[in-house]
Amino acid sequence: MKRMIFSVTAAIFIVFTVSNAIGETVAKVTHEELQAVDGDGVCTYEAADKVIITGIVLNNPEEMLDPTPGAAAFMGGQWQIYVQGEGNDLAGTAVYLGQYYGRTGAPGSYTDEEFSGELCAVNRDPNSGYIFAAGDRVKVTGWYKFHKGKLNINEMHQIDPTYDLKIELLEPAAGLPQPEVITLDMVKDGNDNFIFDSNRETGCERYQARLVRVNDINISDSNGWGPGGTIEITDPNGLTFPVKLGVGDGFTRYDYPVGQIDVIAIFDQEASSNEICKNGYRLWVVDYDGNGLVLTDRGHERGNLPGDINTDYHVNFEDFAELADNWLQQRAGLYDCGQ
Ligand SMILES: [Ca+2]
Ligand SMILES: [Ca+2]
């Protein structure tokens, strides 16, 4: 009998190690472990496992990238959230889903219908059906891939369900982290070049994928104002920084704020290559609510007037026109998910 128990145990052990060999195990990691880089800015984390991270969701995905299946972007529909670490885990991680992986040389792409199903899954807690929003505390399980200065959790560009992401709710509406106030001289040197520290203790790496606030700047180049565009800010000492705009409807509805303003943004990196990743830092603001003093969407709309679609505190024909313009549009991944 003892021998039999031993054999069963051995068999279970063999099954476990076989599944381990094909990468089915999972390691819980901190954002700092995941984002550690070498002297070239290339991430050093390596394991044959999926990873688990926890943290706070910083953005609503459809304000960052257009998830619409078949969208005109190179990758078609895209979905991305940033999850920021908590406590002394001073880092964050992007979680990405795209439609046309085949365009990068991967084995396949999602049809529009398949991609809608993927979106519906990642937008919801699998246990409760709750729809995630910025400020939720979540747990993400998935594969990962290095991309231009960051280690992103993603499907490794594989449509096979083995590579699916799993996002679970830990606490709804936990609240956004307080943005860390930085000045541009903390991330740019005197020659207006990005400061890179491979230890991630100072400079741009320290703030990557975290919520930051830069006070007292001016928009110095507004030509890119509009959904998906890029503008430039300048501080009183002449240091500059690019600001990427999300696809929030505020960038269409409102003019850019003028004069000295503040910016609240996700600090991001998209380096010019995958080999040397010491550039391509930017601030990413996903929406703007037209307040005139801070480039951000405070997420606390005033007015409380049903039907005031453009939130100018007046329900009139302009609201109706906007409604008519958008008649029958639907948001893939949130609508018609068969639930
Ligand atoms: Ca980086
Ligand atoms: Ca109105």
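The residue count restarts for each chain, going from 1 along the sequence in the order it is written. Chain labels run from A onward and ligand labels from 1 onward, assigned in the order the entries are written. pLDDT decides what is reported in this predicted model: residues at 70 or higher carry local features, side-chain atom pairs at 80 or more are listed and counted, and totals for whole chains, interfaces and linings draw on all residues regardless. In computing side-chain values, all of the structure's heavy atoms are included and hydrogens and water are not.

A. Structural context of the overall build of the protein chain. Runs of E in the DSSP output that reach at least two residues are strands. Runs of H or I that reach at least four are helices, and both are numbered from the N terminus. Helix and strand counts for the protein chain come out as 7 helices and 14 strands. Projected onto its principal axes, the C-alpha positions of the protein chain cover 80 × 50 × 40 Å. Across the 339 residues of the protein chain, 46% fall into the buried class. Restricting to contacts in the protein chain with at least 6 residues of sequence separation, those with at least 24 account for 65%. Carbon and sulfur atoms make up 52% of the accessible area of the protein chain, which amounts to about 17000 Å² in all. Treating the 24 positive side-chain charges of the protein chain as one cloud and the 51 negative ones as another, the clouds have centres 8 Å apart. Using a 1.4 Å probe on the protein chains alone, a residue whose accessible area is under 20% of its type maximum counts as buried, one over 50% counts as exposed, and one in between counts as partly exposed. The contact criterion used is simple: two residues touch if any of their non-hydrogen atoms lie within 4.5 Å. Using a 1.4 Å probe, the Shrake-Rupley method yields the accessible areas, and only the shown protein chains count as cover for residues. The convention is simple: Lys and Arg are positive, Asp and Glu are negative, and His and the chain ends are not counted. The location of each charge is read from NZ of Lys, CZ of Arg, CG of Asp or CD of Glu.

B. Representation of the domain arrangement of the protein chain. Domain assignment breaks the protein chain into domain 1 (20-171) and domain 2 (180-295). As annotated, the domain borders come from an automatic or database domain assignment. The C-alpha centroid of domain 2 is placed 23 Å from the C-alpha centroid of domain 1. Of the residues lining the interface, 27 residues belong to domain 1; the matching set on domain 2 comes to 26 residues. As used here, buried area is the combined drop in accessible area, with a 1.4 Å probe, of two parts when they are placed together. Carbon and sulfur atoms make up 56% of the surface buried where domain 1 meets domain 2, a total of about 2300 Å² over both sides.

C. Looking closely at the coordination of the calcium ion (ligand 1). Here the calcium ion (ligand 1) is held by the protein donor atoms G149 (O), E205 (OE), E205 (OE), Q208 (OE1) and Q269 (OE1), which lie 2.2 to 2.8 Å from it. Water is absent from the atoms considered, so a metal site may look incomplete; donors are defined as N, O and S atoms within 2.8 Å of the metal, or 3.2 Å for Na, K and Ca. When the donor residues of the calcium ion (ligand 1) are listed from N- to C-terminus, their spacing reads G-x55-E-x2-Q-x60-Q. Since its relative accessible area comes to 0%, Q208 is described here as buried.

D. Geometry of the state of the cysteines. Here, two cysteine sulfur atoms that lie within 2.5 Å of each other are counted as a disulfide. A complete count under the given rule lists 1 disulfide for this structure. For C120, the disulfide goes to C337, at an S-S distance of 1.9 Å. One quick way to see it: the torsion about the S-S bond of C120 and C337 is about -80°, and its sign makes the bridge left-handed. Remark: C337 occurs in the segment after α7 (317-325) and C120 occurs in helix α4 (residues 112-122); sequence separation between them is 217 residues.

E. Fine view of the packing of aromatic side chains. A pair of aromatic rings is counted whenever rings of Phe, Tyr or Trp (Trp by its six-membered ring) have centres within 6.5 Å, and the orientation is called stacked for planes under 30 degrees apart, edge-to-face for over 60 and tilted otherwise. Scanning the entire structure with this criterion turns up 16 aromatic pairs. Ring geometry for W225 against F251: centres 5.2 Å apart, planes inclined by 85°, an arrangement best described as edge-to-face. Pair noted here: W225 is in the loop between β9 (211-221) and β10 (230-234) and F251 is in helix α6 (residues 250-253), with a separation of 26 residues, a long-range link. The two residues W225 and F251 agree in class, both being buried. Here the aromatic residues F194, Y207, F241, F267 and Y281 are joined through ring pairs into a cluster of three or more. In our convention, an over-ring charge means Lys NZ or Arg CZ found within 6 Å of a ring centre and within 35 degrees of that ring's normal. Against the face of F74 rests R103, its NZ or CZ located 5.9 Å from the ring centre. Over the face of the ring belonging to W284 we find R282, whose NZ or CZ atom lies 4.9 Å from the ring centre.

F. Summary view of the layout of surface pockets. A 1.4 Å probe that fits into a set of points on a 1 Å grid over the protein atoms alone but cannot get out defines a cavity; an open set with protein on both sides within 12 Å along at least five of seven lines defines a pocket, and lining residues are those with an atom within 4 Å of a point. Grid points are joined across faces, edges and corners, and a volume is the space filled by probe spheres set on the points. Put simply, the largest pocket is a space of about 1000 Å³. For the largest pocket, the lining is made up of 36 residues, of which G248, D249, G250, R253 and E322 are closest to its centre. Of all the secondary-structure elements, those providing two or more residues to the lining of the largest pocket are α3 (61-64), α6 and α7. With 3 residues, α6 is the single largest residue contributor to the lining of the largest pocket. Counted by class, the lining of the largest pocket contains 10 nonpolar, 12 polar and 14 charged residues. Per-domain counts for the lining of the largest pocket show at least three residues from each of domain 1 (20-171) and domain 2 (180-295). Of the volumes computed, that of the second largest pocket is approximately 630 Å³. Forming the walls of the second largest pocket are 29 residues, and the residues nearest its centre are L58, L176, T296, D297 and R298. At the level of elements, β9, β12 (261-269) and β13 (281-285) are the ones that each hand at least two residues to the lining of the second largest pocket. Of all the elements, β12 adds the most residues to the lining of the second largest pocket, at 3 residues. In this classification, the charged set is Asp, Glu, Lys and Arg, the nonpolar set is Ala, Val, Leu, Ile, Met, Phe, Trp, Tyr, Cys and Pro, and all remaining amino acids, among them Gly, are polar.

G. Region of interest: the pairing of strand β4 (residues 92-98). Summarising burial for β4: 7 of the 7 residues are buried, a large majority. The side-chain alternation of β4 yields two buried faces, one formed by G92, A94, Y96 and G98 and the other by T93, V95 and L97. Pairing between strand β3 (residues 78-84) and β4: 7 bridges, direction antiparallel. Paired with W79 across the two strands is L97, which belongs to β4. For two strands to count as paired, DSSP must find a minimum of two bridges between them.

H. The arrangement of the coordination of the calcium ion (ligand 2) in detail. With distances of 2.2 to 2.5 Å, the protein atoms coordinating the calcium ion (ligand 2) are D308 (OD), N310 (OD1), D312 (OD), H314 (O), D319 (OD) and D319 (OD). Seen from the calcium ion (ligand 2), its 6 donor atoms lie at angles of 52 to 160°, and the figure they make is irregular. The sequence motif formed by the donor residues of the calcium ion (ligand 2) is D-x1-N-x1-D-x1-H-x4-D. We classify D308 as buried; its relative accessible area is 9%. With a relative accessible area of 33%, D312 lands in the partly exposed category. Geometry is assigned from donor-metal-donor angles: four donors are tetrahedral when every angle falls between 85 and 135 degrees, four are square planar and six octahedral when opposite donors sit over 155 degrees apart with all other angles between 65 and 115, and any other arrangement is irregular.

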